[in-house]
Number of protein chains: 2
Amino acid sequence: MSQRDEIAITRERVTIRTVAAHAGVSVAAVSKVLRNAYGVSEALRSRVQTSIGTLGYRPSRTARGLRGSTFTIGLLLVDIRNPFLPEVIDGVNGVLAPSHYSAMIGVGEAKAQLETSLIESMIDYKMDGLILVAPRLPSEIISRFAEQIPIVAVGYHDPTAVNFDTVNCDDQQGATLAVEAFIERGYCRISMLTLGSREGHRVSVVRQREIGYRQTMEAAGLAAEIDIHSIPVASPEREESMRAFLSRPDRPEAVFCWSDIDAVTFLNVAAEMGIRVPEDLAVIGYDNSPTAALSLINLASIDQSGRALGVLATETLLSRIEGREAPLALANAPSFIARRSLGRTKTS
Amino acid sequence: MSQRDEIAITRERVTIRTVAAHAGVSVAAVSKVLRNAYGVSEALRSRVQTSIGTLGYRPSRTARGLRGSTFTIGLLLVDIRNPFLPEVIDGVNGVLAPSHYSAMIGVGEAKAQLETSLIESMIDYKMDGLILVAPRLPSEIISRFAEQIPIVAVGYHDPTAVNFDTVNCDDQQGATLAVEAFIERGYCRISMLTLGSREGHRVSVVRQREIGYRQTMEAAGLAAEIDIHSIPVASPEREESMRAFLSRPDRPEAVFCWSDIDAVTFLNVAAEMGIRVPEDLAVIGYDNSPTAALSLINLASIDQSGRALGVLATETLLSRIEGREAPLALANAPSFIARRSLGRTKTS
């Protein structure tokens, strides 16, 4: 017998049942404490934790039979560079930390095939549930996976989802806040920089922000000024496209950018071209990233509180794991953060 | 029988053995193609891939018996915000993409307990191997885990490791490049900003950079000028500590910062205090992050090529998974990226 096998067997001797017997409570009660579920008394928690400590128990990730609980949540991220995502992870970990759950992360790189493969792995691993952040997969596919595992999608707008939950910040509203901030300061020629064609779905946050931009421009009688410019994802095409946009004879006076990640680069390209922000060009980004807040950057932005979304998504997933079946479509409200890149004082 | 069970059974019918039989090759040959191992002929690859496509085979993550191959690599990151890490992930994914491997990520948040729990989960999940990036765990503990699973540590300096591999960029050399760049430009009063006390181990990249700073100052006859200032990890203490440092009557003329993540904030604090960079203060960071490269920031930095480290770590792990037992301690050479924050032209 190899050392590895010995270790596995030694570990398996202490199970959730052993803990329950030692503490003199039910297996369900131990499970509740492990999950940090609502309504657990301090006395019960303390009793079970003492037994866990005495027995040296830790939840096994591969124990079958025990209602499939591996106490692991899969977190699928669209990429790793968007400054919004660390906030979401912090929110998720903040909810999981007091429980015995931990999160395992996959990075889908905005590729449907890689997303599929990672979700399949997470299902194979019998994780307890999945949080998908801005997935590229169509709703039908997510719905099919949701038959096998509890799923919450974040940054994914599908109000018709029936077997998984959605948690969003209201992206149309975020765009409206940005456009209205420009209009209140007297700007009319307001363009939007958006993400290139890889983001095809209406469910995506980017398309929702475009809808919000259009509707707000139309409502303000600025339909003729609507101008949405797509920026490629990869450098150096991204910077070249921004340079071409800024070289247009009809360059706008204000630009709403779908994300800080592009807005910061856009500010930088403008500076390299000798275009002064905000005197010659006003800019608003999205995500209120740490970089936007630097005085050297000073970028106005929309705050969608990734942390709050991470908290909400995790709580929603845990309630689904606990047995809720009715779908939830939750939306937080975004807020506007004024900074120097906005220029002008408010006209009233 | 539930739908979930049906799906599981349907999937399990096609195994690596079925594929081998269909392609008329050995199981070992299929395994080699799946791993994208060296020395696989194009003919064999094409034959096996055709069978995989025809049969709709995908490697099962939980298949036991098959030499423990789940075709998943665990990647443990110290945090998610350091701009160095996305590069490492890109490097890892770049090597894995042509194979059937994928990476599952845990974020240890620089907490030994969370790191332990995530590593245990990855072992429970029977992942094929682990890449630990800048782990906080002491070498003895990593060595104990390495008895159960192949491990490569990145950003972890332990030349005495016997049962796991280390892959680093030479951090002492990186600090030397920074200090020498200052000295060549005539600076003498050169301080170092380093990371607070959570990083206690000599194995850490931060301590190695401190050693490089000290040795280079001493070698240049500047031992009397050695000044290492610790910065707390969390805001707003971090910014306050930087402000206090910059308010000192003996403020240095040049500062080498352990990471861009702090150097960018440091530039920002200096700007807020009306201290001109580089006229009043020269700064060099570490990691050559995208933010450092912005013209609005223009921060000189040390490039340790996270991508190259990710590639090297993955190749090293795969060779250990394939059976190599002799430990490797690999080190890449860093390079210096001059930018405006350096000030002065080189004196020769």
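The model shown is predicted, which means the values in this text are computed figures rather than measured ones.

1. Considerations on the packing of helix 3 (residues 27-35) of chain B against helix 4 (residues 42-55) of chain B
Residues and elements named next belong to chain B.
Part 1: In the contact formed by helix 3 and helix 4, the axes pass within 10 Å of each other and the chain directions differ by 90 degrees. Here helix 4 runs roughly perpendicular to helix 3, going by the angle between their axes. Touching Ala29, Val30, Val33 and Leu34 of helix 3 are Leu44, Arg45, Val48, Gln49 and Ile52, all from helix 4.

2. Side note on the pattern of salt bridges
Residue and element names in this part refer to chain A.
Part 1: Applying the stated criterion across every chain, the model contains 36 salt bridges over all chains.
Part 2: Two residues, Asp165 and Arg320, come together in a salt bridge whose shortest N-O distance is 2.8 Å. A residue pair is termed long-range when its members are at least 10 positions apart, and Asp165 in strand 5 (residues 165-169) and Arg320 in helix 13 (residues 306-321) qualify at 155 residues. In this structure, Asp165 and Arg320 share a single accessibility class: buried.

3. Looking at the domain arrangement of chain A
Residues and elements named next belong to chain A.
Part 1: Each assigned domain of chain A is listed here: domain 1 (3-55), domain 2 (72-169 + 306-332) and domain 3 (171-304 + 336-342).
Part 2: Distance from the C-alpha centre of domain 2 to the C-alpha centre of domain 3: 28 Å.
Part 3: Each side of the interface is counted separately: domain 2 has 14 residues, and domain 3 has 15 residues.
Part 4: For the pair domain 2 and domain 3, the two sides together bury roughly 1300 Å², of which 56% comes from carbon and sulfur.
Part 5: Area buried by domain 2 at its contact with domain 3 is led by Arg136, His157 and Cys169, which between them contribute 42% of it.
Part 6: At the junction of domain 2 with domain 3, the criterion picks out 4 residue pairs in polar contact (both at pLDDT 80 or more).
Part 7: A breakdown of the residues in the side of domain 2 that touches domain 3 according to their chemical character gives 6 nonpolar, 4 polar and 4 charged.

4. Focus: the environment of Arg344(A)
Residue and element names in this part refer to chain A.
Part 1: Its location among the elements puts Arg344 in the segment after strand 12 (335-337).
Part 2: Residue Arg344 is classed as partly exposed on the basis of its relative accessible area, which comes to 46%.
Part 3: As a C-alpha pair, Arg344 and Arg185 span 159 residues in sequence and 6.2 Å in three-dimensional space.
Part 4: Not counting residues up to four positions away in its chain, the partners in contact with Arg344 are Arg185, Gly186, Tyr187 and Glu253.
Part 5: There is a polar contact of 3.2 Å between the side chain of Arg344 and the backbone oxygen of Arg185.
Part 6: Of note is the side chain of Arg344, whose polar atom sits 3.3 Å from the backbone oxygen of Gly186.

5. Description of the relation of the copies chain B and chain A
Part 1: The transformation that overlays chain B on chain A combines an axial shift of 0.0 Å with a rotation of 180 degrees, and the residual RMSD is 0.1 Å. Seen this way, the second copy is the image of the first under a two-fold rotation axis. Looking at the rotation axis and the C-alpha trace of chain B, the residue lying nearest is Ile105(B), at 2.3 Å.

6. So, the packing of aromatic side chains
Residue and element names in this part refer to chain A.
Part 1: The final tally for this structure, using the stated rule, is 11 aromatic pairs over all chains.
Part 2: On the basis of an interplanar angle of 50 degrees and a centroid distance of 6.2 Å, the ring pair of Phe256 and Tyr286 is categorised as tilted. Residue Phe256 is found in strand 8 (residues 254-257), and its partner Tyr286 is found in strand 9 (residues 282-286); the two are separated by 30 residues along the sequence. Tyr286 matches Phe256 in its accessibility class, with the two residues each being buried.
Part 3: Between Arg209 and the ring centre of Tyr286, over which it is positioned, the NZ or CZ distance is 3.6 Å.
Part 4: Taking NZ or CZ as reference, Arg344 lies 4.0 Å from the ring centre of Tyr187, over its face.

7. Regarding the sheet that holds strand 8 (residues 254-257) of chain B
Residues and elements named next belong to chain B.
Part 1: The sheet built from 6 strands is open, its strands ordered 7-6-8-9-10-12 with mixed pairing. Single-partner strands in this sheet number two, and they are strand 7 (228-231) and strand 12 (335-337). Pairs of neighbouring strands in the sheet enclose a mean axial angle of 20 degrees, with direction left out of account.
Part 2: Relative to strand 10 (residues 300-303), strand 9 (residues 282-286) runs parallel, the two being bridged by 3 bridges.

8. Some words on the sheet that holds strand 7 (residues 228-231) of chain A
Residue and element names in this part refer to chain A.
Part 1: Taken together, the 6 strands give an open sheet; going across it, the order is 7-6-8-9-10-12, and neighbouring strands pair in mixed fashion. Each of the sheet's edge strands pairs with one partner strand only, and the pair in question is strand 7 and strand 12. Strand after strand, the sheet turns through a mean of 20 degrees between neighbouring axes, direction not considered.
Part 2: Pairing between strand 10 (residues 300-303) and strand 12: 3 bridges, direction antiparallel. When the bridges of strand 12 are listed, Ile302 appears paired with Phe336.
Part 3: Here helix 9 (residues 205-219) sits on the sheet in contact with strand 6 (190-195), strand 7, strand 8 and strand 9, set at roughly 170 degrees to strand 6.
Part 4: Across the sheet, helix 10 (residues 237-247) touches strand 6, strand 7 and strand 8, and the angle it forms with strand 7 is around 155 degrees.

9. Description of the confidence of the model for chain A
Residues and elements named next belong to chain A.
Part 1: When the pLDDT values of chain A are averaged, the result is 88; 91% of them are 70 or greater.
Part 2: Segment residues 1-12: pLDDT under 50, and 11 contacts once partners within four positions in sequence are set aside and those in other chains are kept.
Part 3: Note that residues 61-67 has pLDDT below 50 and, in this model, 21 contacts with residues that lie over four places away or in other chains.

10. Things to note about helix 13 of chain A
Residues and elements named next belong to chain A.
Part 1: Given a rise of 1.5 Å per residue, 16 residues ought to cover 22 Å, and the 22 Å separating the end C-alpha atoms of helix 13 matches this to within 8%.
Part 2: Among the residues of helix 13, Gly306, Leu309, Gly310, Ala313, Thr314, Thr316, Leu317, Leu318, Arg320 and Ile321 are the ones counted as buried.
Part 3: Positive backbone phi, approximately 130 degrees, marks Gly323, located one or two places after helix 13.

11. So, the interface of chain B and chain A
Accessible area lost on assembly of the parts is the figure often given for the size of an interface.
Part 1: In this assembly, 46 residues from chain B lie in contact with 45 residues from chain A.
Part 2: Carbon and sulfur atoms make up 52% of the surface buried where chain B meets chain A, a total of about 4400 Å² over both sides.
Part 3: Per-residue buried area on chain B facing chain A is highest for Met104(B), Tyr125(B) and Leu296(B); these three make up 17% of the total on that side.
Part 4: The tally of links between chain B and chain A comes to 4 salt bridges.
Part 5: Close ionic contact of Asp90(B) with Arg81(A) constitutes a salt bridge, the shortest N to O distance being 2.8 Å.

12. So, the pairing of strand 9 of chain B
Part 1: Counting buried positions along strand 9 of chain B yields 5 of 5 residues, so the element is predominantly enclosed.
Part 2: Each parallel crossover has a hand, and the one from strand 8 of chain B via helix 11 (residues 260-272) of chain B to strand 9 of chain B is right-handed.

The rules behind these values
- Residues numbered from 1 in each chain as written.
- Chains lettered and ligands numbered in written order.
- Predicted model: local features only at pLDDT ≥ 70, side-chain atom pairs only at ≥ 80, totals over all residues.
- Heavy atoms only, no water.
- Axes fitted to C-alpha atoms, helices over the stretch in contact; angles between N-to-C directions.
- Helix = DSSP H or I, 4+ residues; strand = E, 2+ residues; numbered from the N terminus.
- Parallel < 35°, antiparallel > 145°, perpendicular 65-115°, else oblique.
- Contact = heavy atoms within 4.5 Å.
- Salt bridge = Lys/Arg side-chain N within 4 Å of Asp/Glu carboxyl O.
- Buried < 20%, exposed > 50% of the residue type's maximum accessible area, 1.4 Å probe, protein only.
- Domains from an automatic or database assignment.
- Buried area = accessible area lost by both parts, 1.4 Å probe.
- Polar contact = N/O pair within 3.5 Å; in protein donor to acceptor, adjacent residues only side chain to side chain.
- Nonpolar A, V, L, I, M, F, W, Y, C, P; charged D, E, K, R; others polar.
- Least-squares fit on C-alpha atoms with pLDDT ≥ 70 in both.
- Phe/Tyr/Trp six-rings, centres within 6.5 Å; stacked < 30°, edge-to-face > 60°.
- Lys NZ or Arg CZ within 6 Å of the ring centre and 35° of its normal.
- Pairing = 2+ DSSP bridges.
- pLDDT = per-residue confidence, 0-100.
- Expected span 1.5 Å × (residues − 1).
- Right-handed = clockwise from strand over helix to strand, strands pointing away.

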